[in-house]
Amino acid sequence: MTPRSFLLTPELADYVRASSDPVDEVMADLIRETAEMADRGEVSGTMQIAPEQGVLMRLLTTALGARRAIEIGTFTGFSALCIARGLPEDGSLLCLDRNEQWTAVARRYWERAGVAGRIELRIGDALPTLRSLPAEETFDLAFVDADKTGYAAYVAELHPRMTPNGVVLLDNTLWSGSVLDPGDDSDLALAELNAALATDPRWETVLLPLADGLTLLRKR
Ligand SMILES: C[S@@+](CC[C@H](N)C(=O)[O-])C[C@H]1O[C@@H](n2cnc3c(N)ncnc32)[C@H](O)[C@@H]1O
């Protein structure tokens, strides 16, 4: 499989995966089915998070003791599966995505993995859906992996909804390195957001060079 990181050679990516918890049969099948969709030209081959990032997200979910989580950008459900597996039996994950076809794949795999009961999927534009949630609906963990130009608005909406010490994960914050020399709107949005978050006193921030860049924000 591809490295999912411009920082790793294929050999090093294999090594990273071999040195981390392995993916199980359900995860492997979901990775394979999504790759087949990419081969047929139905999706971009780089949309799904890297397996080692999935392991990290499951680990963080468990280590933080997260009970209530939200994901913005679900696609075929791999990252949601990893978060859901890190939640306790009575935990819950709210997934927001606008694509029915891709998330139908996700639902099948969540059923198969036995985590469907912990996940609620809402189809539609994520920002209005997020804004429409009751003010008292709070989250211990959030994962943002949708339109890059929307990240700043998602982070702003999530801040009041995160519990104290709640963690927000932002995917693709290195954006294949284009944040150093922004060309299009997505490059620019991520570069501006990274710069703003580094000095934002409301968050403790670290950008990890994992996969395509993963920023961790802890609500102070
Ligand atoms: C990179 S993929 C997410 C990959 C997923 N986290 C995984 O690991 O498989 C981005 C997803 O965000 C969704 N998306 C993009 N913009 C959106 C928006 N404004 N509202 C809701 N969903 C959006 C797309 O439909 C797509 O499924």
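The rules behind the values
- Residues numbered from 1 in each chain as written.
- Predicted model: local features only at pLDDT ≥ 70, side-chain atom pairs only at ≥ 80, totals over all residues.
- Heavy atoms only, no water.
- Helix = DSSP H or I, 4+ residues; strand = E, 2+ residues; numbered from the N terminus.
- Buried < 20%, exposed > 50% of the residue type's maximum accessible area, 1.4 Å probe, protein only.
- Axes fitted to C-alpha atoms, helices over the stretch in contact; angles between N-to-C directions.
- Parallel < 35°, antiparallel > 145°, perpendicular 65-115°, else oblique.
- Left-handed = near helix turned anticlockwise from the far one by under 90°.
- Contact = heavy atoms within 4.5 Å.
- Nonpolar A, V, L, I, M, F, W, Y, C, P; charged D, E, K, R; others polar.
- Salt bridge = Lys/Arg side-chain N within 4 Å of Asp/Glu carboxyl O.
- Pairing = 2+ DSSP bridges.
- Phe/Tyr/Trp six-rings, centres within 6.5 Å; stacked < 30°, edge-to-face > 60°.

Draft legend 1. Region of the structure containing unusual backbone geometry. Of note, N165 is a non-glycine position whose phi angle comes to about 70°, a positive value. Structurally, the position occupied by N165 is in strand β5 (residues 162-171). You can call N165 partly exposed: its relative accessible area is 46%. Phi is positive for A211, which is not a glycine, with a value near 55°. Relative to the helices and strands, A211 resides in the loop between β6 (203-208) and β7 (214-219).

Draft legend 2. Structural context of the packing of helix α3 (residues 51-63) against helix α4 (residues 78-86). As a packed pair, α3 and α4 sit with axes 7 Å apart at the nearest point and diverge in direction by 30°. One element, α3, and the other, α4, form an angle in the roughly parallel class. The interaxial crossing formed by α3 with α4 has right-handed handedness. Across the interface between the two elements, P51, G54, M57, R58, T61 and T62 from α3 touch F78, S79, C82, I83, R85 and G86 from α4. For the contact of α3 with α4, the residue count by class is five nonpolar, five polar and two charged.

Draft legend 3. Up close: the pattern of salt bridges. According to the stated counting rule, one finds 16 salt bridges in the structure shown. Note that R112 and D29 form a salt bridge whose closest N and O atoms lie 2.8 Å from each other. Note that R112 is positioned in helix α5 (residues 100-113) and D29 in helix α2 (residues 25-39), a separation of 83 residues in sequence. Across the salt bridge formed by E120 and R122, the nearest N and O atoms sit 2.7 Å from each other. Taking the relative accessible area as the measure of exposure, R122 reaches 28% and is therefore partly exposed. Shared partners join several salt bridges into a network, and the residues in it are E25, D29, R32 and R112.

Draft legend 4. Quick look at the pairing of β7. Judged by how many residues are buried, β7 sits mostly within the fold: five of six residues are covered. In this structure, β5 lies alongside β7, joined through five bridges in antiparallel fashion. Counted as the bridge partner of V168 is L217 from β7. Here six bridges tie β6 to β7, and the two strands are oriented antiparallel to one another. What sits directly across from V206, in β7, is L216. As consecutive antiparallel partners, β6 and β7 are separated by five residues, and within that stretch A211 has a phi angle of approximately 55°, a positive value.

Draft legend 5. Summary view of the packing of aromatic side chains. Scanning the entire structure with this criterion turns up one aromatic pair. Look at F75 and W102: their rings are 5.3 Å apart centre to centre, the planes differ by 80°, and that puts the pair in the edge-to-face class. Of the two residues, F75 sits in the loop between β1 (68-72) and α4 while W102 sits in helix α5, which places them 27 residues apart along the sequence. Like W102, F75 is buried.

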